[in-house]
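# Structure at a glance
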Amino acid sequence: QVQLVESGGGLVQAGGSLRLSCAASGSIFSINAMGWYRQAPGKQRDLVAIINSSGSTTYADSVKGRFTISRDNVKNTVYLQMNSLKPEDTAVYYCNADLHPRRLSPSYDYWGQGTQVTVSS
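Every chain is numbered on its own, with residues counted from 1 as its sequence reads. At least 70 in pLDDT is required for a residue's local features to be given in this predicted model, at least 80 for side-chain atom pairs to be given and counted, and no such filter applies to totals for whole chains, interfaces and linings, which use all residues. To obtain the side-chain values, all non-hydrogen atoms of the structure were used and water was disregarded.

## A closer look at the overall build of the protein chain
Scanning the protein chain from terminus to terminus reveals zero helices and eleven strands. Listing each helix as α and each strand as β along the protein chain from the N terminus yields β-β-β-β-β-β-β-β-β-β-β. With the radius of gyration taken over C-alpha atoms, the globule rule is written as 2.2 Å times the number of residues to the power 0.38. In terms of overall dimensions, the protein chain is globule-like: its C-alpha atoms have a radius of gyration of 14 Å, near the 14 Å expected for 121 residues. C-alpha atoms of the protein chain, sized along the principal axes, occupy 50 × 25 × 25 Å. Strands are runs of DSSP state E lasting at least two residues, helices are runs of H or I lasting at least four, and both sets are numbered from the N terminus onward.

## Considerations on the side chain of E6
Structurally, E6 is set in strand β1 (residues 2–7). Only protein chains enter the accessibility calculation, which uses a 1.4 Å probe; a residue whose area is less than 20% of its type maximum is buried, one above 50% is exposed, and one in between is partly exposed. Charged residues are defined here as Lys and Arg on the positive side and Asp and Glu on the negative side; His and the ends of the chain fall outside this count. A carboxyl oxygen of Asp or Glu within 4 Å of a side-chain nitrogen of Lys or Arg is what we treat as a salt bridge. The side chain of E6 sits in the buried core without any salt bridge; R45 is the nearest counter-charge, 7.6 Å away. Polar side-chain contacts of E6 include one of 2.5 Å to the backbone nitrogen of G114. Here a residue-residue contact requires only that any non-hydrogen atoms of the pair lie within 4.5 Å. Once you skip the residues sitting within four places of it in the chain, E6 turns out to touch S21, C22, W36, Y93, Y94, C95, G112, Q113, G114 and T115. Polar contact criterion, stated in full: a pair of N or O atoms within 3.5 Å, where within protein one must be able to donate a hydrogen and the other to accept it, and residues adjacent in sequence count only if both atoms are side-chain atoms.

## A closer look at the state of the cysteines
Cysteine sulfur atoms that pair up within 2.5 Å are treated as a disulfide. Throughout the structure, instances matching the rule amount to one disulfide. For C22, the disulfide goes to C95, at an S-S distance of 2.1 Å. With the S-S dihedral at roughly -80°, the linkage between C22 and C95 falls on the left-handed side. Of the two residues, C22 is situated in strand β3 (residues 18–26) and C95 in strand β9 (residues 91–100); the sequence distance between them amounts to 73 residues. Each member of the pair, C22 together with C95, is buried.

## Considering the packing of aromatic side chains
The rule is short: rings of Phe, Tyr and Trp, with Trp giving its six-membered ring, pair when the centres are within 6.5 Å, and they are stacked under 30 degrees, edge-to-face over 60, tilted in between. The final tally for this structure, using the stated rule, is one aromatic pair. Between Y37 and W111 the ring centres are 5.0 Å apart and the planes differ by 65°, which places this aromatic pair in the edge-to-face class. A residue pair is termed long-range when its members are at least 10 positions apart, and Y37 in strand β4 (residues 30–39) and W111 in strand β10 (residues 108–111) qualify at 74 residues. You can call W111 partly exposed: its relative accessible area is 37%. A ring has a charge above it when a Lys NZ or an Arg CZ is no more than 6 Å from the ring centre and no more than 35 degrees off the ring normal. Over the aromatic face of Y79 sits the side chain of R19, whose NZ or CZ is 4.1 Å from the ring centroid.

## Considering the environment of N83
Tracing the backbone through its elements, the reader meets N83 in the loop between β8 (77–82) and β9. A C-alpha to C-alpha distance of 8.6 Å links N83 and R19, two positions 64 residues apart in sequence. Excluding its chain neighbours within four sequence positions, the residues that come into contact with N83 are G16, S17, R66 and F67.

## Concerning unusual backbone geometry
A positive phi angle, close to 55°, is found at N76, a residue other than glycine. Within the fold, N76 resides in the loop between β7 (67–72) and β8. Of note, the phi angle at S84 is positive, near 50°, even though the residue is not glycine. For S84, the location among the structural elements is in the loop between β8 and β9. Accessibility expressed as a relative area gives 41% for S84, which makes it partly exposed.

Rendered as structure tokens:
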């Protein structure tokens, strides 16, 4: 069993900062990519940022220069530092991990429960 537990969401004024964390635990042999997605009301879930096992990162155009993704491979944790937040960043943020639960198993996608980020104008 694998669990992804997110923390760090909340309410912040425009221009402010938040830091999200997501810790993966349970049956984990190795983790490939970890990432953050977000879903605003009435919209689809979109990629925010992703980081692979070697540290290479990809960002959505809308967050480039404002958000930074990082990971701690010892703690199986991924972070999202969000600066210069805008009202349009308001959404539920979901953590995702593509990982191998056992040594010879294929990799699977796992999701956290989501954390609300609300940016007031």
